[in-house]
Amino acid sequence: MSRLSERPENPVVGLSLPHESASQHVTGTALYTDDLVHRTKDVLHAYPVQVMKAHGRITALRTAPALAVPGVVRVLTGADVPGVNDAGMKHDEPLFPDVVMFHGHAVAWVLGETLEAARLGAAAVEVELDELPSVITLAEAIAGDSFHGARPVMETGDVAAGFADSAHVFTGELTFSDQEHFYLETHAALALIDEAGQVFVQSSTQHPSETQEIVAHVLGLHSHEVTVQCLRMGGGFGGKEMQPHGFAAVAALGALLTGRPVRVRLNRTQDLTMSGKRHGFHASWRIGFDAEGRIQALDATLTADGGWSLDLSEPVVARALCHIDNTYWLPHARVTGRIARTNKVSNTAFRGFGGPQGMLVIEDIMGRCAPLLGLDPTELRERNFYREGQSTPYGQPVVQPERIGAVWEQVKENGGVADRRREIAAFNAAHPHTKRALALTALKFGISFNLTAFNQGGALVLIYKDGSVLINHGGTEMGQGLHTKMLQVAATTLGIPLHKVRLAPTRTDKVPNTSATAASAGTDLNGAAVKNACEQLLERLLRVAATRLGVNASDVRVVDGVARGLGVDGELGWDELVRTAYMQRVQLSAAGFYRTEGLHWDAKSFHGSPFKYFAHGAAAAEVEVDGFTGAYRIRRVDIVHDVGDSLSPMIDIGQIEGGFVQGAGWLTLEDLRWDTGDGPSRGRLLTQAASTYKLPSFSEMPEEFRVELLRNASEAGAVYGSKAVGEPPLMLAFSVREALRQAAAAFGPDGTAVELASPATPEAVYWAVQAARGAAGGGGAGRGARAGAVALSGA
């Protein structure tokens, strides 16, 4: 155990506690960014002027008609920007564009006394456009060679030799959908200017420091003249990592020019049509197996739909390449990544950040190839799990391969998989028009930012004279329970009861230069920084206590708010200890810092150890499919997940459940549709509301949902032995998609291989069922939904 992971006596971490804002959430008293408008005087409301064309150059922008609308105060355009007219870190996202790049692109913003006045003003703005050709689909982008950004290549071994040694070689393609974040709280910002000209922005952002940076450069200011605060978010999922910056900059610019507070809050349709999604991907692949079904070689190209600007597409693609192996050893591999440039919203971070896309490719390959190899999919996966001493294709050793098997075997045991499979076989034999299937999938997910510099965290901890403690850290709270864990870490480190500790809102003038709360690293980075600050304070207090107790400082322990010396009588209460320290002029504040050690990454050679550790999990999902309609239900899900030594078990189980359901939504329900025709609405998002974009609800939840944390799994290099939990569970939902594939295949003869679209909507499942039924007379090992898409060669 390292000092970072070692737990003291009676720790507060490890207890199942409710979310620190749970009561406020359920009573409606929790404040979000837009709630602050009602507490702010003389607020102006901003409304976007959206152009409903996919691509075109602006030839005229007339704002005078808007200024004639009662209640309109000002129209913001590019001419008003005192600094840099750009809202992105790649300098390819003009805040006020001259060229419309996607359907619904905002080219100006109207400020009004009321939201309705601003809306009417925006409708009155006249925009003339010289329309240009547009690229909407990935297929169009690939055919037209429309790409931007880096094209990384990950290579290991000798791919040609690997294929030469393969007994079976398969090729195929897979196109899968993007996904809308659909957080409950849409993008929001409230900006005001104080008497000294300082800019204060309340923002629903996962990355306050970067929001600060973008606002500063749009306004032509230094960062110390801008403060950004995030009280909490009503969901983020990565959608508020990069994309809040422009909305905050609009609010700040309006406040600077008018001298009044300005509010930006998108309605749901605006949020859906103006903000980025999870990247949809196209994958083409060729894979070789030996006679026993072990992977010998993989050659693949992954193409991400980046949208109109780069945003975070380059690191998303990099992570997709890093996770195409998932839990499987690839001795010989060449994987190429590229980013399609399309006239759609700029796609961005989403829970898993490219990892799910890369892993979906290999899981789809395993599910499609298992019947062609004459193997049960579970057996094929097990044969290819990482073993001791093996490394990833990018060169990082897999140091805990035994945990892949541990979660896998525990899921099989907990789920009674062997017995249930026999029951499913009997059910399927008796029901020609309804089939069931049970599938197992596992995951290995790297934890850390791919960009090494982002792997740092800061904190500021204050102890007041009465013994109360206030902690500040650089992470943001979006409902995931980060603040709850930080309170537990502080109380544990100081050895005091939880009620003695309070947490302040995240803001850039307390902890500077923070990384985004993303990459599942929020607890690792900020928790270690909070712990570091508390250890500094505790070290000072132990010296004070040692003098009072007559022992060496190293022999003092603070447990449950009482300081005691080893081997001596007497004790000193926390409050008295703090007062004594104050009277002795001992500093009672400390800035904590943490940088993740042991990381190195060469983006050009695509080689190194970018991750601190891997999180593991396994899921078994059972589904039932109606052969007439393709409708299905998830009968049962069993999950075992590796969170190390959990800091807060109830929070972690909630994250696992939520991540799984969100993953199942992406893979089976959530079907974004765009107008790809040549008419006047080309490029328009057709699924602009919950009425047309299907989200998981209670009816899609597993009828039985059993989640267990892996036991005896402390992580030596992380805060109090815990592991990240935010993103990895999403990939457990692969088990549902694979179960649907197997259930569809069960409508055909044994050994039928079917392709399954993603998302696997009831319509997609229906066509897979029809393909399986059609395979009865087709013969051959390559039977599938689209003949020839999976080809078998060699024997």
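Only a predicted model underlies this, so the values are computations on that prediction, with no experimental measurement involved. (Residues numbered from 1 in each chain as written. Predicted model: local features only at pLDDT ≥ 70, side-chain atom pairs only at ≥ 80, totals over all residues. Heavy atoms only, no water.)

Chemist: Before we go on, may I ask you to explain the sheet that holds strand β6 (residues 126–131) in this structure?
Modeler: Pairing between the strands of a sheet comes from backbone hydrogen bonds, and it takes one of two forms, parallel or antiparallel. Sheet architecture is open: three strands sit in the order β4-β2-β6, paired in antiparallel fashion. Both edges of this open sheet fall to β4 (99–100) and β6, since each of them pairs with a single strand only. As judged from the two bridges shared by strand β2 (residues 56–62) and β4, these two strands associate in the antiparallel manner. In the strand pairing of β4, G56 is matched with V100. (Pairing = 2+ DSSP bridges. Helix = DSSP H or I, 4+ residues; strand = E, 2+ residues; numbered from the N terminus.)

Chemist: Got a minute to help me understand the nonpolar core in this structure?
Modeler: Where a protein is soluble and globular, its nonpolar side chains tend to be buried together. Core analysis: the largest hydrophobic core is formed by 106 residues, its most contacted members being W285, I287, F289, L298 and L302. Residues V13, A518, V544 and V719 belong to the second largest nonpolar core, which totals 53 residues. (Core = buried A, V, L, I, M, F, W, Y, C linked by side-chain atoms within 4.5 Å. Buried < 20%, exposed > 50% of the residue type's maximum accessible area, 1.4 Å probe, protein only.)

Chemist: What's the story with helix α15 (residues 522–549) in this structure? I'm lost.
Modeler: Along an α-helix, residues three or four positions apart point the same way, because every turn accommodates 3.6 residues. In this model α15 runs 38 Å from its N-terminal to its C-terminal C-alpha over 28 residues, within 8% of the 40 Å that 1.5 Å per residue would give. With 22 of 28 residues buried, α15 is to be regarded as a mostly interior element. Backbone geometry just after α15 places G550 at a positive phi near 75°. (Expected span 1.5 Å × (residues − 1).)

Chemist: How should I be thinking about the packing of aromatic side chains in this particular structure?
Modeler: The relative placement of two aromatic rings is captured by the distance of their centres and the angle of their planes. A full pass over the atoms with the stated rule returns 15 aromatic pairs. Here F102 and W308 contribute two aromatic rings whose centre-to-centre distance is 6.2 Å and whose plane-to-plane angle is 35°, an arrangement assigned as tilted. Pair noted here: F102 is in the loop between β4 and β5 (105–112) and W308 is in the loop between β14 (295–307) and α9 (313–322), with a separation of 206 residues, a long-range link. On the basis of relative accessibility, which here comes to 8%, the residue W308 falls in the buried class. One aromatic cluster is present, built from ring pairs that chain together Y394, W601, F606, F611 and F614. The aromatic ring of W666 is capped on one face by R278, whose charged end is 4.8 Å from the ring centroid. The ring of F427 carries R436 above its face, with NZ or CZ at 3.7 Å from the centroid. (Phe/Tyr/Trp six-rings, centres within 6.5 Å; stacked < 30°, edge-to-face > 60°. Lys NZ or Arg CZ within 6 Å of the ring centre and 35° of its normal.)

Chemist: Looking at this model, I keep getting lost on the side chain of T523. Mind explaining?
Modeler: One can find T523 in helix α15. When sequence neighbours within four positions are dropped, the list of residues in contact with T523 reads L482, K485, M486, A528, L647 and V719. (Contact = heavy atoms within 4.5 Å.)

Chemist: In this structure, what is going on with the side chain of T211? I would like to understand it.
Modeler: Along the polypeptide, T211 turns up in helix α6 (residues 208–219). You can call T211 buried: its relative accessible area is 0%. A polar atom in the side chain of T211 sits 2.9 Å from the side chain of H245. (Polar contact = N/O pair within 3.5 Å; in protein donor to acceptor, adjacent residues only side chain to side chain.)

Chemist: Where do I start with the packing of helix α14 (residues 482–494) against α15 in this structure?
Modeler: The angle between the axes and the distance between the axes are what describe a pair of packed helices. Put simply, α14 and α15 touch, their axes get as near as 9 Å, and they point 30° apart. Overall, the two elements α14 and α15 adopt an arrangement that is roughly parallel. In this structure, α14 meets α15 at a crossing whose hand is right-handed. Contacts between α14 and α15 pair L482, K485, M486, V489, A490, T493 and L494 from the former with G522, T523, N526, G527, V530, K531, C534, E535, L537 and L538 from the latter. For the contact of α14 with α15, the per-class residue count stands at nine nonpolar, five polar and three charged. (Axes fitted to C-alpha atoms, helices over the stretch in contact; angles between N-to-C directions. Parallel < 35°, antiparallel > 145°, perpendicular 65-115°, else oblique. Left-handed = near helix turned anticlockwise from the far one by under 90°. Nonpolar A, V, L, I, M, F, W, Y, C, P; charged D, E, K, R; others polar.)

Chemist: I keep staring at helix α13 (residues 417–430) and nothing clicks. Help me out?
Modeler: Here α13 spans 20 Å end to end across 14 residues, near enough to the 20 Å set by a 1.5 Å rise per residue. Here α13 has its buried residues at V417, R420, I424, F427 and N428. Take α13 and look down its axis: the buried residues cluster within an arc of 95°, on one side only. In α13, those exposed residues whose orientation departs by more than 90 degrees from the buried face are R422, E423, A429 and A430. Contact partners of the buried residues in α13: α12 (401–414), β16 (434–447), β27 (613–626) and β28 (632–641). (Arc of directions from axis to C-beta.)

Chemist: Please clarify how the pairing of strand β10 (residues 199–203) should be interpreted in this entry.
Modeler: Regular strands show a simple pattern: their side chains alternate between the two faces of the sheet. Of all five residues making up β10, five are buried, and the element is well covered by its neighbours. Of the two faces of β10, the one holding V199, V201 and S203 and the one holding F200 and Q202 are both buried throughout. Here strand β9 (residues 188–193) pairs with β10 via five bridges, running antiparallel. Paired with L190 across the two strands is Q202, which belongs to β10. Between the end of β9 and the start of β10, which pair antiparallel, lie five residues, with G197 showing a positive phi angle near 85°. The handedness of the β10 to strand β11 (residues 226–230) crossover, carried by α6, is right-handed. (Right-handed = clockwise from strand over helix to strand, strands pointing away.)

Chemist: Honestly, the packing of α15 against helix α16 (residues 574–583) in this entry has me stumped. Any pointers?
Modeler: Running from amino to carboxyl end, α15 crosses α16 at an angle of 100°, the nearest separation of the two axes being 10 Å. The angle between α15 and α16 falls in the class roughly perpendicular. Residues L541, V544, A545 and R548 of α15 touch α16, and the partners they reach there are W574, E576, L577, V578, T580 and A581. By residue class, the composition of the contact of α15 with α16 is seven nonpolar, one polar and two charged.

Chemist: Would you take a moment to explain unusual backbone geometry for this structure?
Modeler: Cis geometry marks the peptide bond from S758 to P759, where omega comes out at 10°. One can find P759 in the loop between α18 (734–745) and α19 (762–774). The phi dihedral of S448 falls on the positive side, at around 150°, and the residue is not glycine. Looking at the element boundaries, S448 is found in the loop between β16 and β17 (456–463). Residue S448 is classed as buried on the basis of its relative accessible area of 4%. Residues other than glycine seldom take positive phi values, yet R585 does so here, at roughly 60°. With respect to the helices and strands, the residue R585 is situated in the loop between α16 and β24 (589–595).

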